[in-house]
Amino acid sequence: MGLFASRGYHGVSMDDIGSAAGVTGPALYHHFAGKEAMLVAALIPVSEGLLAGGKERVARHPEDAQAALADLIDFHVDFALANPAVIALHLHELDRLPEDPRRQIRRLQRLYVEEWVSVLSRVRPELPAPEARVLAHAAFGLMNSTPFLGGEVDRVRRAALLRDATIHALIGR
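It should be emphasised that the depicted structure is a prediction, and the values quoted were computed from it without experimental measurement.

1. Digging into helix H4 (residues 65-82)
The first and last C-alpha atoms of H4 sit 26 Å apart over 18 residues, in line with the 26 Å expected at 1.5 Å per residue. Those residues of H4 that fall on the buried side of the exposure criterion are Ala-65, Ala-68, Leu-69, Asp-71, Leu-72, Ile-73, Phe-75, His-76, Val-77, Phe-79, Ala-80 and Leu-81. You can read the cap of H4 off the contacts: a side-chain oxygen lies 3.3 Å from the backbone nitrogen of Gln-66, and it is on Asp-64.

Structure (structure tokens):
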């Protein structure tokens, strides 16, 4: 994923991927039809994992929406800091996928967003769902900025700053 993230889909050849994996580029065709299939195989499990992880965090706090929101934020910040290449791929390469896998990933992303909207609507009942959705997307923009952050702030402090900025963006305190 790092090659796709750093050089873009069209900037990476099967030979580049094979070399990074310690095999020849043609050997990869025994496992994948091509670069596109590799990108799909990388991105779909990530979206499935985010959705499953989000649902799990929400389920931990059925009676406490504030705690569920804090857990969602922790989960996503941790994911974003651990996976900047995945975020860069989603941001820059998703539209290059064929329609069916792109739709599958977008559907998973929408379901993940709706987990956030549901929790945020419980924390802030005055917000209509479309407004909660806008705030959820704004929060993702904050948290998903990690591929573009320099390393001058250590990871623990970056996580704290991202968590704090996200909760402020969502609930205004």
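From this point, the narrative continues.
2. A closer look at the pattern of salt bridges
Opposite charge on two side chains lets them pair, provided their charged atoms get close. Counted according to the given criterion, the structure contains 10 salt bridges. The closest approach of N and O atoms between Asp-71 and Arg-60, which form a salt bridge, is 3.2 Å. Separated by 11 residues along the polypeptide, Asp-71 in helix H4 and Arg-60 in the loop between helix H3 (35-59) and H4 bring together distant segments of the chain. Under the relative-accessibility criterion, Asp-71 is labelled buried at 13%. For Arg-60, a relative accessible area of 45% puts it in the partly exposed group. Here the salt bridges do not stand alone but share partners, grouping Glu-56, Arg-57, Arg-60 and Asp-71 into one network.

3. Overview of the packing of helix H7 (residues 129-143) against helix H8 (residues 155-171)
Where H7 contacts H8, the axes come no closer than 9 Å and their chain directions differ by 165°. Classified by the angle their axes make, H7 and H8 are roughly antiparallel. For the pair H7 and H8, the crossing hand works out as right-handed. On the side of H7, the interface is formed by Leu-135, Ala-136, Ala-139, Leu-142 and Met-143, while H8 contributes Leu-162, Ala-165, Thr-166, Ala-169 and Leu-170.

4. Structural notes on the nonpolar core
One finds Leu-69, Trp-116, Leu-120 and Leu-170 to be the most contacted residues of the largest nonpolar core, which totals 43 residues. Of all the secondary-structure elements, those providing two or more residues to this core are H3, H4, helix H5 (84-93), helix H6 (99-123), H7 and H8. For this core, the element with the highest residue contribution is H4, accounting for 10 residues. Once you skip the residues sitting within four places of it in the chain, Leu-69 turns out to touch Trp-116, Val-119, Leu-120, Val-123, Ile-167, Leu-170 and Ile-171.

The rules we used
Residues numbered from 1 in each chain as written. Predicted model: local features only at pLDDT ≥ 70, side-chain atom pairs only at ≥ 80, totals over all residues. Heavy atoms only, no water. Helix = DSSP H or I, 4+ residues; strand = E, 2+ residues; numbered from the N terminus. Expected span 1.5 Å × (residues − 1). Buried < 20%, exposed > 50% of the residue type's maximum accessible area, 1.4 Å probe, protein only. Polar contact = N/O pair within 3.5 Å; in protein donor to acceptor, adjacent residues only side chain to side chain. Salt bridge = Lys/Arg side-chain N within 4 Å of Asp/Glu carboxyl O. Axes fitted to C-alpha atoms, helices over the stretch in contact; angles between N-to-C directions. Parallel < 35°, antiparallel > 145°, perpendicular 65-115°, else oblique. Left-handed = near helix turned anticlockwise from the far one by under 90°. Contact = heavy atoms within 4.5 Å. Core = buried A, V, L, I, M, F, W, Y, C linked by side-chain atoms within 4.5 Å.

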